[in-house]
Amino acid sequence: MDRENRTEHDSMGQVIVPAAALYGAQTQRAVNNFTISAEVMPESFIRALLTIKIAAAITNRRLQLLHPEKADAIIKSATTLLADGLGSNFPVPVLQTGSGTSTNMNVNEVLSTLAARQGVEVSANDDVNMGQSSNDVIPSALNMAVALLLKNRTIVSLQSLASLIRVMARKHQAVLKTGRTHLMDALPIRLSHELESWAVMIDDSVSRLKETLFRLSQLPLGGTAVGSGVNCHPDFSEQALAELSRIHDFQFQQMKSKYKGISSIDTPLETSGQLKTAACCLMKIANDLRWMNSGPLAGLHEIILPPLQPGSSIMPDKINPVIPEAVCMAAAQVIGNDTTITVAAQSGNFQLNTMLPITAARLIESAELVGGCAESLADKALKNMQVNRRTMASPLSKNPILVTALAPHVGYLQAAAIAKKARREGKTILAVAAEETDIAYETLEKLLNPENLADGIFTS
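Residues numbered from 1 in each chain as written. Predicted model: local features only at pLDDT ≥ 70, side-chain atom pairs only at ≥ 80, totals over all residues. Heavy atoms only, no water.

Undergrad: It is not clear to me how the pairing of strand S1 (residues 5–10) should be interpreted in this structure. Could you clarify?
TA: On a regular strand, each side chain points to the face opposite its neighbour's, so the side chains alternate between the two faces of the sheet. Two strands pair when backbone bridges link them, and S1 and strand S2 (residues 13–18) are joined in this way by six bridges, in the antiparallel orientation. If you follow Thr 7 over to S2, its bridge partner there is Ile 16. Hairpin connection between S1 and S2: a loop of two residues separates the two successive antiparallel strands. (Pairing = 2+ DSSP bridges. Helix = DSSP H or I, 4+ residues; strand = E, 2+ residues; numbered from the N terminus.)

Put into structure tokens, the structure is as follows:
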């Protein structure tokens, strides 16, 4: 007798399944067939599916379609998994059938097995999946998982980062530095203005992501196979969504067209685009930090990022901006995920999109990466960043671009000549302007004051 395996059956016949596995034949077929990649569906996605099964069981019991004993067993089994952990019970790879049917049946089979261990015989298809189809459950779980992740982590992390940046901006309000365009010296700016620009970028990203939440909250649950709701009680959708809203303390609602919700993933695509935008904003901040931290002798050295670990296996005492570098790599991944989801969104052939699992996996990953990047930048880079005020102040008086303030008074060409002479002779713009123009020295001091220029003060 084989104690390591057992025989399970489905509509296609018998399948050998590991004896200890909670799943059944259809899950095992998926594990056997889908061997392109070992990556499994994200935990947050499985959790969303489990809560859908809870809401469905509660609703079907209330509608007197599912025996209370069966409903209670399903609810208890799913609740236990959510509380105690998923373990290795959900091994179906991401690269599976495009509808996600194998993952849906994986969840159904596990709940059926756990119910049986409570002494209640529950059918994976007829009871756990009552009033449902993989075609409406999987896109519903996709929207749910992403909406909850954005609300509870991604947006919160971005908002915390923006708040920290503003604290630093207030702290360094008096610090002036050389602005840069094209990586070349430009007019002076305040460090606080530079930091505030970062915070506003993040604010805008948060606003964009919040706008997607309304559309993500609309689920096609109850549409079953093609959107028409065949085999689903007419009150199922409304009541199940009310249960999901109660469970998650988040308002889910029926999609205007369940046909659209099953055949199109335009909302996940929109969300991916907004996450890509947020990732690019974080990448811009990370790259600015890398440049500002460069040195310490041959670079800008305007700031000092916290030293976290040795930067070289051969060069002693080398410290690198590791967190900004990690953020840039994560942002690159989000950008790549958006391309994947863009291609997936074109696969809504007729009544079903057939790239739902990869969309769910990549979109959840992007939301997690953006949240993680925001947290890392805040906690491991910006919070303990030091500002080199002297390094920032020293080039200001010799910055040839200060001559911009003279252009309205002496003309563009003479201003350029003053800048060239100052650079050639190693003098300040103020000194050369005093030599080359008849403008009063006191007026020149006002015109060329980096603080006035940084604040955009017009001096006639």
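From this point on, the discussion continues.
Undergrad: What's the story with helix H3 (residues 68–84) in this structure? I'm lost.
TA: Side chains that are three or four residues apart share a direction in an α-helix, a result of its 3.6 residues per turn. Helix length check: H3 (17 residues) gives 24 Å between terminal C-alpha atoms against 24 Å at 1.5 Å per residue, within 8%. Listed as buried for H3 are Ala 71, Ala 73, Ile 74, Ile 75, Ser 77, Ala 78 and Leu 81. Those residues of H3 that are buried are in contact with helix H2 (43–62), helix H4 (101–117) and helix H5 (124–128). Just past H3, the residue Gly 85 takes up positive phi, approximately 110 degrees. (Expected span 1.5 Å × (residues − 1). Buried < 20%, exposed > 50% of the residue type's maximum accessible area, 1.4 Å probe, protein only. Contact = heavy atoms within 4.5 Å.)

Undergrad: Even after reading the chapter, I still don't get the pattern of salt bridges, so can you show me in this structure?
TA: Pairing between side chains of opposite charge can happen when their charged atoms approach one another. By the definition in use, this model includes 26 salt bridges. Across the pair Arg 29 and Asp 10 runs a salt bridge, and its minimum N-O distance is 2.6 Å. Here Arg 29 is found in helix H1 (residues 25–33), whereas its partner Asp 10 is found in strand S1, with 19 residues between them in sequence. Its salt-bridge partner being Arg 180, residue Glu 302 comes within 2.8 Å of it at the nearest N-O pair. In this pair, Glu 302 sits in the loop between helix H10 (266–293) and strand S7 (303–304) while Arg 180 sits in strand S3 (residues 176–181), placing the two residues 122 residues apart along the sequence. Look at Glu 302 and you get buried, because its relative accessible area is 2%. Here Arg 180 falls in the partly exposed class, since its relative accessible area comes to 33%. Connected through salt bridges with shared partners, the residues Lys 421, Glu 425, Lys 427, Glu 435 and Glu 436 form a single ionic network. (Salt bridge = Lys/Arg side-chain N within 4 Å of Asp/Glu carboxyl O.)

Undergrad: Is there a simple way to explain the packing of aromatic side chains in this structure?
TA: To describe a pair of aromatic rings, one takes the distance between the centres and the angle between the planes. Across all of its chains, the model carries one aromatic pair by this definition. On the numbers, 5.0 Å between centres and 55 degrees between planes, the contact of Phe 250 with Phe 252 is tilted. By relative accessible area, which is 2% here, Phe 252 ends up buried. (Phe/Tyr/Trp six-rings, centres within 6.5 Å; stacked < 30°, edge-to-face > 60°.)

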